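The primary structure of each chain is shown beneath.
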Amino acid sequence: FIIPIFQRTYSWEITHCRQLWDDILRVGSHAALDSHFIGSAVYIPEQDTSAAISRWLVIDGQQRITTLSLLLLAFKKRLQAEGLDAPVSAAEIEDYFLMNRYGKGEQRYKMLLTKTDKDTLIALLDGKPLPDKASHRIKENFEFFTGKIAEADLGVVYAGIGKLMIVDVRLQE
């Protein structure tokens, strides 16, 4: 997924992340709740279709997709740090949601943001130091989720993430 240049930069604040986190824990801890609707994602194929990996321009939903990517990255890092595999492995999180194993260059990343957001997210994904002018929101929200994940029941969190529902709108030319 690529965030086109005309889209705004990532702007979710801690209050938005806290609401999403609370919703995930609520739905994840109650077997009677089968889903939680979080909005929509609208995307179209990129005009240059010569890439080996399909590339999609996100028209709507970048805030939610980016936030979930930060949450999943924090989840993956806890699994790695503690050598855990349950309820899912760090490699599965990375392969399914964060990275394209066989992608080259920027095609390695499942999502490319714009400007400073892009450099900050890539540094986090690669486990490298953040750029000098790191995206404040990306950094702050990743730290928020890292703190929440550190003390969370990963089974509940994973169950909650699995119950998130999104309207997936793929436009074709």
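Anyway, here's the lowdown on the structure attached to this text. Model, not experiment: these values are computed from the prediction. (Residues numbered from 1 in each chain as written. Predicted model: local features only at pLDDT ≥ 70, side-chain atom pairs only at ≥ 80, totals over all residues. Heavy atoms only, no water.)

## Some thoughts on the packing of aromatic side chains
Describing an aromatic ring pair means giving the distance of the ring centres and the angle of the ring planes. Quick note on the threshold: In this scheme Phe, Tyr and Trp rings, the latter by its six-membered ring, pair at centre separations within 6.5 Å, and the angle between planes marks the pair as stacked below 30 degrees, edge-to-face above 60, and tilted otherwise. Each helix is a run of DSSP H or I of at least 4 residues and each strand a run of E of at least 2, with the numbering of both proceeding from the N terminus. Partly exposed describes any residue whose relative accessible area lies between the buried limit of under 20% and the exposed limit of over 50%, with all areas from a 1.4 Å probe on protein chains only and scaled to the type maximum.
Considering all chains together, one arrives at 6 aromatic pairs under this definition. Ring centres of Phe1 and Tyr43 lie 5.1 Å apart, and the angle between their planes is 85 degrees; on these two criteria the pair is classed as edge-to-face. Here Tyr43 lies in strand β1 (residues 36-45) and Phe1 lies in the segment before α1 (14-28), a separation of 42 residues in the sequence. Given a relative accessible area of 33%, Phe1 falls into the partly exposed group. Ring geometry for Tyr96 versus Phe97: centroids 6.2 Å apart, planes at 75 degrees, classification edge-to-face. Overall, the relative accessible area of 55% leaves Tyr96 in the exposed class. A connected cluster of aromatic rings, assembled from ring pairs, spans Phe1, Tyr43 and Trp56.

## Points about the pattern of salt bridges
Any two side chains of opposite charge can pair, so long as their charged atoms come close to each other. Our working definition: We count a salt bridge whenever a side-chain nitrogen from Lys or Arg sits within 4 Å of a carboxyl oxygen from Asp or Glu.
Tallied over the entire structure, the rule returns 11 salt bridges. Residues Asp95 and Arg101 are paired through a salt bridge, measuring 2.2 Å at the closest nitrogen-oxygen approach. Classification of Asp95 as partly exposed rests on a relative accessible area of 26%. Close ionic contact of Glu143 with Lys139 constitutes a salt bridge, the shortest N to O distance being 3.1 Å. With Glu143 and Lys139 both in helix α5 (residues 136-150) and 4 residues apart, the pair spans about one turn of that helix. Since its relative accessible area comes to 43%, Glu143 is described here as partly exposed.

## Focus on unusual backbone geometry
In this structure, Lys115 takes a positive phi of about 50 degrees despite not being glycine. Relative to the helices and strands, Lys115 is located in helix α4 (residues 115-126). For Lys115, a relative accessible area of 55% corresponds to the exposed category.

## Notes on the side chain of Asp117
Just so we agree on the cut-off: Residues counted as positive are Lys and Arg, residues counted as negative are Asp and Glu, and His and the chain ends are not counted. Contacts are residue-level and defined by heavy atoms, with any inter-residue pair within 4.5 Å sufficient.
With respect to the secondary-structure elements, Asp117 resides in helix α4. No salt bridge is formed by the buried Asp117, whose closest oppositely charged neighbour, Arg137, lies at an N-O distance of 8.7 Å. Apart from residues lying up to four places away in sequence, Asp117 is in contact with Thr9, Tyr10, Ser135 and Ile138.

## Some points on the sheet that holds strand β3 (residues 164-170)
Where we set the bar: Only when DSSP finds a minimum of two bridges between them are two strands counted as paired. Only C-alpha atoms enter the line fits that serve as axes; for helices the fit covers just the stretch in contact. Angles between N-to-C directions range over 0 to 180 degrees.
Taken together, the 3 strands give an open sheet; going across it, the order is β2-β1-β3, and neighbouring strands pair in mixed fashion. Here the strands that pair on one side only, and so sit at the sheet edges, are β2 (56-60) and β3. Adjacent strand axes in the sheet meet at a mean angle of 35 degrees, parallel and antiparallel pairs treated alike. Bridge count between β1 and β2: 4 bridges; the pairing is antiparallel. Bridge assignment links Val42 to a residue of β2, and that residue is Asp60.

## Here we look at the environment of Arg137
With respect to the helices and strands, Arg137 occurs in helix α5. Separated by 59 residues in sequence, Arg137 and Arg78 have C-alpha atoms that sit 21 Å apart. Excluding residues that lie within four positions of it along the chain, Arg137 makes contacts with Tyr10, Ser11, Trp12 and Glu13.

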